[in-house]
Amino acid sequence: MAAREAGAEAPSEERGRVTITEIARQAGVSVPTVSRVVNGRSDVSPGTRARVEDLLRRYGYRRRPAASGARAALIDLVFDDLDSPWAVEIIRGVEEVAHAAGVGTVVSAIHGRSGDAREWMRNLRARASDGVILVTSALEPVLHEELRILGVPLVVVDPAGSPALDVPTVGAANWSGGMAATEHLLALGHRRIGLIAGPPRLLCSRARLDGYRAALEGAGVPFDGALVVPGDFRPESGFTGCTALLDLPEPPTAVFAASDQMALGAIEALRRRGFRVPEDMSVVGFDDLPEVRWSAPPLTTVRQPLAGMGELAVRTVLRLTRDERPDAPRVELGTELVVRASTAPPATAG
């Protein structure tokens, strides 16, 4: 039997049967990193490549012949649902950076259902994705742990809840955005300001509500829980929520909807009741989706950089696939109030 190189450990696996997972564990890198070395990709540091190649040689790992060259890089982009222009803006940002980097994307929706999430995980294992971007959703702990074991990097955009400490997140400054929207209405002279809130399970919804409350308190306006109605970011809930506000004994003079889609639903509710916007009631949204500049009237809203969030998420995932640390584990991109024609002083003012 030929002598082994001095200092080399004896393989713990039978030659030719070692798995990529075992190679990754011993090399101290992720499974996708080993996969990139196996497929001859260039996006691996020289030191990491040498370490992995050494283990591949020692274990006699047999590379599978590829029918048409090396496997392309692939990222999974996972939403809770896709029936929103908001999702389209995220996808646009992801695609722009991914395409420039030569990376493919697979877009999925899990609809908050356990069965859908498990099916997605089975598909992810089959296509050997290099990374995952999870948008405004949450994985069951067991699936999150499976991603960790597989060594597949995960980045969360606009997290639904508090993510694991080792998971980078990308979001927007929702608290300051909610505060800016409310302060704008206060500056116009409004004192009864209704809020159509987002789903309370989402951090962004709670932050926008907290920003609304902070602005009221800063102006010395008491918070009135009757002026806060629930919504789910869809137009129908904006319509329903605004209708409920109009039915109050003392309706508000302005409405802050925690999404543009709900703001458009609120404007339709006002139109059907014979109210003019902004002459009879002002409306502010949140997102700055492309279509709201063409609404009637054009919508005052808080711009959050949706495409920019998608772009940063891809860059972060790509850094993780190269075994590099992100610049910061938690990133919040700035929001900006965009004033258009849907807001004005209350009719009773001066």
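Thresholds applied
Residues numbered from 1 in each chain as written. Predicted model: local features only at pLDDT ≥ 70, side-chain atom pairs only at ≥ 80, totals over all residues. Heavy atoms only, no water. Pairing = 2+ DSSP bridges. Helix = DSSP H or I, 4+ residues; strand = E, 2+ residues; numbered from the N terminus. Axes fitted to C-alpha atoms, helices over the stretch in contact; angles between N-to-C directions. Contact = heavy atoms within 4.5 Å. Salt bridge = Lys/Arg side-chain N within 4 Å of Asp/Glu carboxyl O. Buried < 20%, exposed > 50% of the residue type's maximum accessible area, 1.4 Å probe, protein only. Phe/Tyr/Trp six-rings, centres within 6.5 Å; stacked < 30°, edge-to-face > 60°. Lys NZ or Arg CZ within 6 Å of the ring centre and 35° of its normal.

Draft legend 1. Broad picture of the sheet that holds strand β5 (residues 169-172). Reading across from one edge, β2-β1-β3-β4-β5-β11 is the order of the six strands in this open sheet, with parallel pairing throughout. With one partner strand each, in any of the chains shown, β2 (104-109) and β11 (330-333) form the two edges of the open sheet. Taking the axes of each pair of neighbouring strands and ignoring which way they run, one obtains an average angle of 20° across the sheet. Together, β1 (74-79), β2 and β3 (131-135) form the strand contacts of helix α5 (residues 114-127), whose direction differs from that of β1 by roughly 170°.

Draft legend 2. Geometry of the pattern of salt bridges. Applying the stated criterion to the full structure yields 23 salt bridges. The partner of Arg201 in a salt bridge is Asp80, with the nearest N and O atoms 3.6 Å apart. With Arg201 in the loop between β6 (193-196) and α8 (203-218) and Asp80 in the loop between β1 and α4 (85-100), this pair connects stretches of sequence that are 121 residues apart. Assessed through its relative accessible area of 48%, Arg201 is described here as partly exposed. Residue class for Asp80 comes out buried when judged on its relative accessible area of 17%.

Draft legend 3. Structural detail: the packing of aromatic side chains. Using the criterion set out here, one finds one aromatic pair in the structure. In this structure, Arg213 packs its charged tip against the face of Phe223, placed 3.8 Å from the ring centre.

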